[in-house]
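As a plain string of letters, each chain reads:
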Amino acid sequence: MDNKKIGFIGAGNMAEAFVKGMLKAAGPLDLAVSDLNTNRLDVFRNQYGVEGVTKDNRKVVEYADVIIIAVKPQIIPAILDEVADLVLEDKLIVSIAAGVTTATIEKHLPDGTRVVRVMPNTPALVGLGAFGICKGNNASSDDIELVETMMNTVGISVVVGEDRMDAITGLSGSGPAYVYTFIDALADAGVNMGLTRVNATKLAAQTVLGAAVMVLETGIHPMQLKDNVTTPAGTTICALHELDKGAFKSTVMSAVEAATKKAEKLGKSSK
Ligand SMILES: NC(=O)c1ccc[n+]([C@@H]2O[C@H](COP(=O)([O-])OP(=O)(O)OC[C@H]3O[C@@H](n4cnc5c(N)ncnc54)[C@H](OP(=O)(O)O)[C@@H]3O)[C@@H](O)[C@H]2O)c1
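Not measured: the values here are computed from a predicted model.

(A) The arrangement of the pairing of strand 8 (residues 155-159) in detail. Here strand 7 (residues 129-135) runs beside strand 8; their pairing, made up of five bridges, is parallel. Along strand 8, the bridge assignment pairs F131 with S157. Handedness of the crossover joining strand 7 and strand 8 through helix 6 (residues 141-151): right-handed.

Rendered as structure tokens:
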């Protein structure tokens, strides 16, 4: 990563998260960032020391070896058309736009262009993102490795075939919203049982964080961890019984299925 020139088209929240994470992980890097909004460019120059800030997307493509496209999905085709003639063989194009397939990206670029697609999620903004990565027709395993290294500066990633990217959208892409809803439900429950809102929210969020770290760091199956805290005839099993009556697990599975199907549908309509 540190011997590559890296460019961002779009200086929004996601680009900022990646620049912050990469600088923290790798130290000074050769970076360039473009955006129409000069306030955003000022943020990259003043807070992160990026000297190559510009309103001209073409300059970023000319400069960089790896170009990360971090604009809203609906303007991706226009951006690609704007820079396509500058995308030479040695450039790697990385898209983080939700729902835009590698085939759509490749269609707007010269034959043979190396494309990698990433589905990020917003906890990348605090260095705890979860990413799905897939390759286009011409990207190599070295390209995938490089993108994984970049993504892992702000979270963890899995590499999948593109036919799994909608499932990743349904699980980890939209997932933070499900978890916020769960945290809010736990906090409401705490308030209902007499805790203050501030304390209930703090305890609920930390409980989700702690349980998640237990799963990731111990490698123990979640249901084994559940059994470990479930005393016979204790409090936890009473609560689990109530969750089961409400079809908790089945509801979560249906939610992810619905989001995956919606992502599939949106992907088809954007082709
Ligand atoms: N945020 C998430 O949770 C999330 C999760 C998964 C995937 N993603 C994907 O990540 C991508 C970026 O998301 P984000 O949240 O970082 O978006 P964002 O904060 O809106 O950033 C996009 C930036 O691109 C700028 N822009 C608009 N038109 C441009 C143009 N023609 N040339 C150059 N820059 C232009 C925007 O400026 P203006 O604001 O002035 O228009 C904005 O500063 C999206 O494709 C999204 O699908 C985001």
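After that view of the structure, there is still more to cover.
(B) How the structure looks around the site of the ligand. Taken together, 21 residues surround the ligand, and among them M14, D35, V71, A98 and T122 come closest. Take M14: an N or O atom from its main chain is 2.8 Å from an oxygen atom of the ligand. Residue K72 places a side-chain N or O atom 3.2 Å away from an oxygen atom belonging to the ligand. Contact with the protein chains covers 75% of the free accessible surface of the ligand, which is 890 Å². Across the shell around the ligand, the residue classes break down as 13 nonpolar, six polar and two charged.

(C) Broad picture of the pattern of salt bridges. Counted under the stated rule, the structure contains ten salt bridges. R114 serves as the salt-bridge partner of D143, at 2.8 Å between the closest nitrogen and oxygen. Of the two residues, D143 is situated in helix 6 and R114 in strand 6 (residues 114-119); the sequence distance between them amounts to 29 residues. With respect to class, D143 is no different from R114; both count as buried. Linking R197 and D188 is a salt bridge whose minimum nitrogen-to-oxygen distance equals 2.7 Å. What makes R197 partly exposed here is its relative accessible area of 40%.

Reading the values: the criteria
- Residues numbered from 1 in each chain as written.
- Predicted model: local features only at pLDDT ≥ 70, side-chain atom pairs only at ≥ 80, totals over all residues.
- Heavy atoms only, no water.
- Pairing = 2+ DSSP bridges.
- Helix = DSSP H or I, 4+ residues; strand = E, 2+ residues; numbered from the N terminus.
- Right-handed = clockwise from strand over helix to strand, strands pointing away.
- Near = heavy atom within 4 Å.
- Polar contact = N/O pair within 3.5 Å; in protein donor to acceptor, adjacent residues only side chain to side chain.
- Areas by Shrake-Rupley, 256 points an atom, 1.4 Å probe, with all protein chains shown as cover.
- Nonpolar A, V, L, I, M, F, W, Y, C, P; charged D, E, K, R; others polar.
- Salt bridge = Lys/Arg side-chain N within 4 Å of Asp/Glu carboxyl O.
- Buried < 20%, exposed > 50% of the residue type's maximum accessible area, 1.4 Å probe, protein only.

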